[in-house]
Amino acid sequence: MNHVLYGLAANAALPSELVDRLTAIADADIAAELAARPDLAHAQALRLASRVEESAVWLAYAGRLTVADVDPVAQPHAALALLDGGAGSPEWARLLAADPVVERREKLAACPALPPDVVETLAADPDVRVVAELALWTTPEVAARLAGHPHAEVRRAVAANEATPPAVLAALLTGQGLPPARRCLVCDREETPFVHDPHCSRLDCDLEPGASCDGSHESTVHDTRQAALRNPATPTEAVVGFVDHPSLLLRWALAARPGLPSRVCEQLAADPSPGVRADLAGNPAIDDDLMRVLAGDPGHDVRRRLAHNPQVPLDVLTRLAGSARMGDTLVPRIAAASPDEVEELAQSPDPAVRMLVARRRDLPPATRDALAADPDAKVVKSVAPHPGLSEAQLRAMADRHGVRVVAKIAANPDATPALLEDLTRHGPSVRKALREVARHPRATAPALLACLADRRARPMAARHPALPPSVVVELLTDTDGQVVAAAASNPSLPLATMSDLVSRLERRPVPGAAATARTPGARCP
């Protein structure tokens, strides 16, 4: 990748004339950045699409190309992108349904609102991948018909389609009422009985690890059941019998389903797998009594998922506060807390509970200020990015708690330029604070120069518009390609430098440019 060109293509200050010149020398990486420019004119989009085929796809998805701009024979991938967005021509669909490249027919099968005759053509396609893709996205009527397809892979796709009628999903789950499948991907390719080695070294093999068939297509049948269990359209009465199934994966799929009867939830709460119990703990359908049971589960992930359950009782959540390892995120129950609950939580004697509510960013000023003055560093760290805190409050927090809160103070949107400069000089240095300052819109040139000393903050500082232009130019020769690209994307880069860079690069070949010429059979991205 040419990092200078890559950065220039994303530079918001790049004038239209230089966009034109970059388009003429763009490879796929550069074209991706050019295609994403909000100021790209229609004529420029057409030139870019004609030079780099991948860009036509991106531009089509972004609505920058229309039916009149695309030739489905010369630009089949762009035509598929428009069809996928519901903007293509029905005649294109008919043309592509007969395309000799399987991957294109497979992509077409996933497009919405296809003409009925195209659907029938794809449903009869000789390649099962095309039929399976159609089964995954098609209408209830077609899905019901494909549920009896002789190939098990098509049935697996029908089981995952949320438009499939509930009665059909129940039949796929139990196998009752459907003729037995005659083939699967395993017996298509191997003599049965066969079990695919999970460590298979064959480069031409794309079977899933552990895929097996003894004539009953057992691994695909298992995957079909798993898909049906995860499908919200599958009737509850059809899934409850899997609560004690020997397959861990099937019980696991069951645990996350809404609307499970209490007796099934109670059985799953005693499952030997912590993964099953964790998915159950995160299921909003479980009742308060079961949540209280799961709050004492020995599995860390079980308690963490329970803490993130939007229906968890507040008293259960406060019990979990010190042990559930919730991370820095605001949990849903705290986000939904009422004003009275917020006030009660903020006054809790447990700092872990106060820390939970301190992560909200809409606290009443009095509550916010009280948490900012909290004696516990974890609480202060959580509230430090809250908008509305004054410079004096932020400085007082840094003075009291030092390195434990400096990075979060630097992330505060109201941090002043002077405060940000002082945070970069904090002793001992806090590297996370430098990264926050480097991306802060109020950062000044002195603060950004200090941030350049940190390897991870350096690219962020290099693209900051407050960095002095002379420094931005120097960074174009940095040994780190990320820094070079960031500097080239900086809108403070002088216009004369931009023009000079493009002129120099026009005189030599762009690495990888030859890759823009795609063969007719290239897979659609």
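Everything here concerns the structure above.
Reading the values: the criteria
Per chain, the residues get numbers from 1 upward, laid out in the order the sequence is written. Reporting in this predicted model follows two pLDDT cut-offs: at least 70 for local features of residues, and 80 or more for side-chain atom pairs to be given and counted; totals over whole chains, interfaces and linings ignore these cut-offs and use all residues. Computation of side-chain values covers all heavy atoms of the structure but excludes hydrogens and water. Every helix listed is a DSSP run of H or I at least four residues long, and every strand listed is a run of E at least two residues long, numbered separately from the N terminus. The contact rule is simple, with two residues in contact once any of their heavy atoms fall within 4.5 Å. Each accessible area is a Shrake-Rupley estimate made with a 1.4 Å probe; only the visible protein chains count as cover when residues are assessed. Charged residues are defined narrowly, with Lys and Arg counted positive, Asp and Glu counted negative, and His plus the chain ends left uncounted. Charged groups are reduced to one reference atom each: NZ for lysine, CZ for arginine, CG for aspartic acid, CD for glutamic acid. Interaxial angle, 0 to 180 degrees, is taken between N-to-C directions of lines fitted to C-alpha atoms, where a helix line uses only the stretch in contact. Just so you know how the angles are binned, under 35 degrees is roughly parallel, over 145 roughly antiparallel, 65 to 115 roughly perpendicular, and the rest oblique. In this scheme, a crossing is called left-handed if the near helix is turned counterclockwise away from the far one by less than a right angle; it is called right-handed if the turn is clockwise. When accessible area is computed with a 1.4 Å probe and restricted to protein chains, residues below 20% of their type maximum are described as buried, those above 50% as exposed, and intermediate ones as partly exposed. Think of a nonpolar core as a cluster: buried Ala, Val, Leu, Ile, Met, Phe, Trp, Tyr and Cys residues, connected wherever their side-chain atoms sit within 4.5 Å. Each residue is assigned to one class: nonpolar for Ala, Val, Leu, Ile, Met, Phe, Trp, Tyr, Cys and Pro, charged for Asp, Glu, Lys and Arg, and polar for all the others, Gly among them.

What follows deals with the overall build of the protein. A tally of helices and strands in the protein yields 36 helices and 2 strands. A separation of at least 24 residues holds for 49% of the contacts in the protein among residues at least 6 apart in sequence. Surface exposure of the protein reaches about 23,900 Å², of which carbon and sulfur atoms provide 56%. A gap of 5 Å separates the mean positions of the 56 positive and 66 negative side-chain charges of the protein.

Below, the discussion takes up the packing of helix 8 (residues 102–109) against helix 10 (residues 128–137). The interhelical angle for the contact between helix 8 and helix 10, taken along N-to-C directions, is 15 degrees, at an axis separation of 8 Å. With respect to helix 10, the element helix 8 is oriented roughly parallel. Seen from above, helix 8 lies across helix 10 with right-handed handedness. Contacts between helix 8 and helix 10 pair Val102, Glu103, Arg105, Glu106 and Ala109 from the former with Arg129, Val130, Glu133, Leu134 and Trp137 from the latter.

What follows concerns helix 12 (residues 152–160). One full turn of an α-helix is made of 3.6 residues, so residues set three or four places apart face in the same direction. Counted residue by residue, helix 12 has 7 buried out of 9 residues, so it is predominantly covered. The set of residues buried in helix 12 consists of Ala152, Glu153, Val154, Arg155, Ala157, Val158 and Ala159. Check the buried side of helix 12 and you find it contacts helix 10, helix 11 (140–146), helix 13 (166–174), helix 14 (185–189) and helix 15 (218–230).

Of note, the amide linkage connecting threonine 192 to proline 193 takes the cis form, showing an omega dihedral of 0 degrees. With respect to the secondary-structure elements, proline 193 resides in the loop between helix 14 and strand 1 (194–195). Cis peptide bonds are those with omega within 30 degrees of zero, and the linkage from glycine 427 to proline 428 qualifies with 0 degrees. Along the polypeptide, proline 428 turns up in the loop between helix 30 (417–424) and helix 31 (431–438).

Moving on, we get to the nonpolar core. Counting residues in hydrophobic clusters, the biggest one holds 161 residues, and the most contacted among them are Leu8 and Leu108. In terms of nonpolar packing, the next biggest core, distinct from the first, is built from 9 residues, Ala152, Phe194, Cys205 and Leu207 among them.

Our next topic: the packing of helix 10 against helix 12. Between helix 10 and helix 12, the shortest axis-to-axis distance is 7 Å and the interhelical angle comes to 15 degrees. Judged by the inter-axis angle, helix 10 sits roughly parallel to helix 12. Helix 10 and helix 12 meet at a crossing whose hand is right-handed. Counting all contacts with helix 10, which are made through Val128, Val131, Ala132, Ala135 and Leu136, the residues of helix 12 involved are Glu153, Val154, Ala157, Val158 and Ala160. Broken down by class, the residue content of the contact of helix 10 with helix 12 amounts to 9 nonpolar, no polar and 1 charged.

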